[in-house]
Amino acid sequence: MILREARASDSEGIAALIRASGVEFDWELGAQLEAEVERNLAAARAGQAHFVWVAELEGQIVGYALAHRLPYLISPRPEAFLGELFVHPDHRGVGLGSRLLARVEAFADQEGCGRISLFNHRARPSYQRGFYAARGYSERVE
């Protein structure tokens, strides 16, 4: 398996992975998903604060992570935000999600971030399995 930065040509594979994930969204994915992924991937790749990595196995995208570096005006250190982490259902449970998360953590360290935040809905399989909790992440209640 190869873990690398996403390329523009990965948008179709990422869209297929999202469809295969089985995750229910608050919005309809629809026929435009591929175009949305392509547009958003291009925007992320063009910026200096957005990073996308893919896990590729035998030419197929089997996982990806999207992270952002968020500056603060009142803090000397930025925050990393894990926006998306998806692993194809056929490849869950073999450490792929952990490898993608480790890449995000390395990114946060390289960028000098003081912490990493993410949203994980309690109904999502990753929350139910305790994926983030098992890796030292805790819920922040304010």
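It should be noted that the structure appears before, not after, this text.
Residues numbered from 1 in each chain as written. Predicted model: local features only at pLDDT ≥ 70, side-chain atom pairs only at ≥ 80, totals over all residues. Heavy atoms only, no water.

### As for the overall build of the protein
Here is step 1: Counting its regular elements, the protein contains four helices and five strands.
Here is step 2: Starting at the N terminus and walking to the C terminus, you meet the elements of the protein as β-α-α-β-β-β-α-β-α.
Here is step 3: The C-alpha radius of gyration of the protein comes to 15 Å, within 12% of the 14 Å expected for a compact globule of 142 residues.
Here is step 4: Over its C-alpha atoms, taken along the principal directions, the protein stretches across nearly 40 × 35 × 30 Å.
Here is step 5: A separation of at least 24 residues holds for 58% of the contacts in the protein among residues at least 6 apart in sequence.
Here is step 6: Of the accessible surface of the protein, which amounts to about 8900 Å², a share of 50% is contributed by carbon and sulfur atoms.
Here is step 7: Averaging the positions of the 16 positive and the 19 negative side-chain charges in the protein gives two centres separated by 5 Å. (Helix = DSSP H or I, 4+ residues; strand = E, 2+ residues; numbered from the N terminus. Rg over C-alpha atoms; globule rule 2.2 N^0.38 Å. Contact = heavy atoms within 4.5 Å. Areas by Shrake-Rupley, 256 points an atom, 1.4 Å probe, with all protein chains shown as cover. Lys, Arg positive; Asp, Glu negative; His and termini not counted. Charge placed at Lys NZ, Arg CZ, Asp CG, Glu CD.)

### What about unusual backbone geometry?
Here is step 1: Of note in the backbone geometry, glutamate 58 takes a positive phi value of approximately 50 degrees without being a glycine.
Here is step 2: Position of glutamate 58 relative to the elements: it lies in the loop between strand 2 (50-57) and strand 3 (60-70).

### Points about a nonpolar patch on the surface
Here is step 1: Together, Leu70, Tyr72, Leu73 and Ile74 make up a nonpolar patch on the protein surface, roughly 510 Å² of accessible area in all.
Here is step 2: Relative to the assigned elements, leucine 73 resides in the loop between strand 3 and strand 4 (79-87).
Here is step 3: Classification of leucine 73 by relative accessible area gives exposed; the value is 90%. (Patch = residues over 30% accessible without salt bridge, like charges linked within 9 Å, V, L, I, M, F, W, Y side chains within 5 Å. Salt bridge = Lys/Arg side-chain N within 4 Å of Asp/Glu carboxyl O. Buried < 20%, exposed > 50% of the residue type's maximum accessible area, 1.4 Å probe, protein only.)

### Re the pattern of salt bridges
Here is step 1: Counted according to the given criterion, the structure contains six salt bridges.
Here is step 2: Here arginine 4 and glutamate 56 are joined by a salt bridge, their closest N and O atoms 2.8 Å apart. A residue pair is termed long-range when its members are at least 10 positions apart, and arginine 4 in strand 1 (residues 2-5) and glutamate 56 in strand 2 qualify at 52 residues.
Here is step 3: Overall, glutamate 56 belongs to the buried group, its relative accessible area being 16%.
Here is step 4: Here arginine 19 and glutamate 34 are joined by a salt bridge, their closest N and O atoms 3.2 Å apart. One end of the pair, arginine 19, is in helix 1 (residues 11-20); the other, glutamate 34, is in helix 2 (residues 33-46), with 15 residues separating them in the sequence.
Here is step 5: The partly exposed category is assigned to glutamate 34, whose relative accessible area is 31%.
Here is step 6: Each of Arg4, Asp10 and Glu56 takes part in a single network of salt bridges with overlapping partners.

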